[in-house]
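So the chains spell out like this:
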Amino acid sequence: MDDFVKVKKIAQKCLKCKHPTCVKHCPVGNHIPEILSAIEQENIAQAKKLLLETTNASFICAKLCDVQRQCYGHCVLRNTDKGSVAFYEVEAYLAELIQAQDYVCHDNHGQRVAIIGAGLAGISAAIDLAQHGYHVEIFEKREKIGGVITDTLPDFRFSEGAIEKYEILLDTLGVQIHYGKEWGRNLTIEDLDDFLYILFALGAGVSKRNFPSSPFVYDGMEVLRALKQKRILFEHKSVLVIGGGNVAMDVARALKRMNNEVKIVYRRTMDQAPASQIEIAHAKNEGIIMEECLSPVEPIYHKESLMGLLVEQTKLVEEPTKGRKNFQKTGLTSVISADVIVEAIGLEPEYTVLRQLVPALFDEEGWVQSEGVARYKDKTLLVIGDYLLGASSFAQAVASSKQAVKKVVDG
Ligand SMILES: Cc1cc2nc3c(=O)[nH]c(=O)nc-3n(C[C@H](O)[C@H](O)[C@H](O)COP(=O)(O)OP(=O)(O)OC[C@H]3O[C@@H](n4cnc5c(N)ncnc54)[C@H](O)[C@@H]3O)c2cc1C
């Protein structure tokens, strides 16, 4: 079937609800019914225009959003014979058609904005601000833009040139990018004296750890980053991956492809895991074993070798105030044998330098205040993306950039 015929069929299925729950559950609030109406009327220009009003990250979000928890999973048709409207397929179709000239730009008024970090949050904010006529410069510690997409996400998840499209777009919009510039190392607030606004978009790249690294115990992010650079840390091993999030699924699936036997150890059941259920299903289909309701205690060594992981069985308990069940330890322990353990138990931002500079930006528990805005001398500092939210999602990172851009534009 021709691609347009396919997306038109999807658009025709939509009931164009007056109070659409799909939009409510889309972090950027895409105008889903209106876009689908435009598609139905074969008005592609209008559909693209509507999409660009809420997002400049369609070619990433259409492929990588957890749609079961967002638009698709909240479509009113989900429990009917028709099934949910697959807006993400329409978004992917439109993303292919969007060109640099579709981004409407105001005249440059010269106000200067610095953005530190060129992940999706930083890129998205840079595009929006350049469109609003700001002079934008990005400072990125690595040699390429894209953040997690470029340096961590396995190629089998996403490898479609999205970052190259962004490079072209940023260049077209006049955004300057300074590579090899690391906040806290060779980039300080004094270097940014010319800028009235500074956006911090450094992501959440620091892994939480229970066990120290060793030749038998690895950090999941370290494994993914190595594989992205085509470095193989180990293969033909029996591997236990600890965790139930996106990183755990990606690590397990990537290691399976390196001829390892892989099990995932998670302290709840997989239906309670933060990873998308689609990723979990892929992992299971690829032969990854799920060891559920097991809490890691410690690696077990014999002489110089790893024998396995001591785990304690858990049971799940309802927690009405939280979105998912909690777990309780039962005292029953056992050992799962393994050659290698990989921890993927969460990520957090690194705030040391920023906290020293602007203590008022942080609450008592050390997190950035929910607004993520502070003044420093004549400057406004704004925190965006995972650096504000902790490990979140591409769509949430873009949504937080949009909010920060609005604050800049509104003054
Ligand atoms: C393995 C993995 C899989 C994921 N899968 C999904 C998924 O399928 N769907 C989904 O929605 N989300 C997923 N996520 C989450 C998603 O990747 C993040 O929410 C998103 O990347 C956040 O964007 P960001 O720009 O805030 O941060 P990042 O993408 O982390 O970008 C931060 C940027 O800042 C730069 N930087 C860091 N420190 C400094 C410094 N000191 N100075 C200068 N620059 C610096 C970094 O090099 C990087 O370019 C996944 C995350 C991981 C780790």
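Residues numbered from 1 in each chain as written. Predicted model: local features only at pLDDT ≥ 70, side-chain atom pairs only at ≥ 80, totals over all residues. Heavy atoms only, no water.

Caption draft 1: Spatial organisation of empty space enclosed by the protein. A full pass over the atoms with the stated rule returns three cavities of 30 Å³ or more. Volume-wise, the largest cavity comes out at about 150 Å³. Lining the largest cavity we find 17 residues, and of these Cys14, Cys22, Cys75, Val76 and Val85 sit closest to its centre. For the lining of the largest cavity, the secondary-structure elements that each account for two or more residues are helix 2 (21-24) and helix 3 (32-40). The element that contributes the greatest number of residues to the lining of the largest cavity is helix 3, accounting for three residues. Here the residues of the lining of the largest cavity sort into 15 nonpolar, one polar and one charged. (1 Å grid on protein atoms, 1.4 Å probe; cavity = no way out; pocket = protein on both sides within 12 Å on 5 of 7 lines; lining within 4 Å. Points joined across faces, edges and corners; volume = space filled by probe spheres on them. Helix = DSSP H or I, 4+ residues; strand = E, 2+ residues; numbered from the N terminus. Nonpolar A, V, L, I, M, F, W, Y, C, P; charged D, E, K, R; others polar.)

Caption draft 2: Representation of the sheet that holds strand 12 (residues 326-337) in the model. The sheet built from three strands is open, its strands ordered 10-11-12 with antiparallel pairing. The strands lining the two open edges of the sheet, one partner per strand, are strand 10 (294-302) and strand 12. The average angle at which neighbouring strand axes cross in this sheet is 20°, direction not considered. Here strand 11 (residues 305-317) pairs with strand 12 via nine bridges, running antiparallel. Following the sheet pairing, Lys315 is matched in strand 12 by Gln328. (Pairing = 2+ DSSP bridges. Axes fitted to C-alpha atoms, helices over the stretch in contact; angles between N-to-C directions.)

Caption draft 3: Highlighting the site of the ligand. The full set close to the ligand counts 33 residues, and Leu64, Glu140, Arg157, Trp183 and Asp386 are the nearest of them. Side-chain polar atom of Glu140 to an oxygen atom of the ligand: 2.6 Å apart, as the coordinates give it. Here an oxygen atom of the ligand and a backbone polar atom of Ser393 are 3.2 Å apart. In the complex, the protein chains occlude 93% of the 1,000 Å² of accessible area that the ligand would expose alone. Taken together, the elements giving at least two residues each to the shell around the ligand come down to helix 7 (120-131), strand 2 (135-140), helix 10 (220-228), helix 11 (246-257) and helix 15 (394-410). For the shell around the ligand, the element with the highest residue contribution is helix 11, accounting for three residues. Of the residues that constitute the shell around the ligand, the class distribution is 17 nonpolar, eight polar and eight charged. (Near = heavy atom within 4 Å. Polar contact = N/O pair within 3.5 Å; in protein donor to acceptor, adjacent residues only side chain to side chain. Areas by Shrake-Rupley, 256 points an atom, 1.4 Å probe, with all protein chains shown as cover.)

Caption draft 4: Looking closely at helix 10. Buried residues dominate helix 10, accounting for seven of its nine residues. Contacts from the buried residues of helix 10 go to helix 8 (148-151), strand 5 (206-207), strand 6 (217-219), helix 11, strand 13 (340-343) and strand 14 (347-348). Where helix 10 terminates, the next one or two residues include Lys230, which has phi positive at roughly 60°. (Buried < 20%, exposed > 50% of the residue type's maximum accessible area, 1.4 Å probe, protein only. Contact = heavy atoms within 4.5 Å.)

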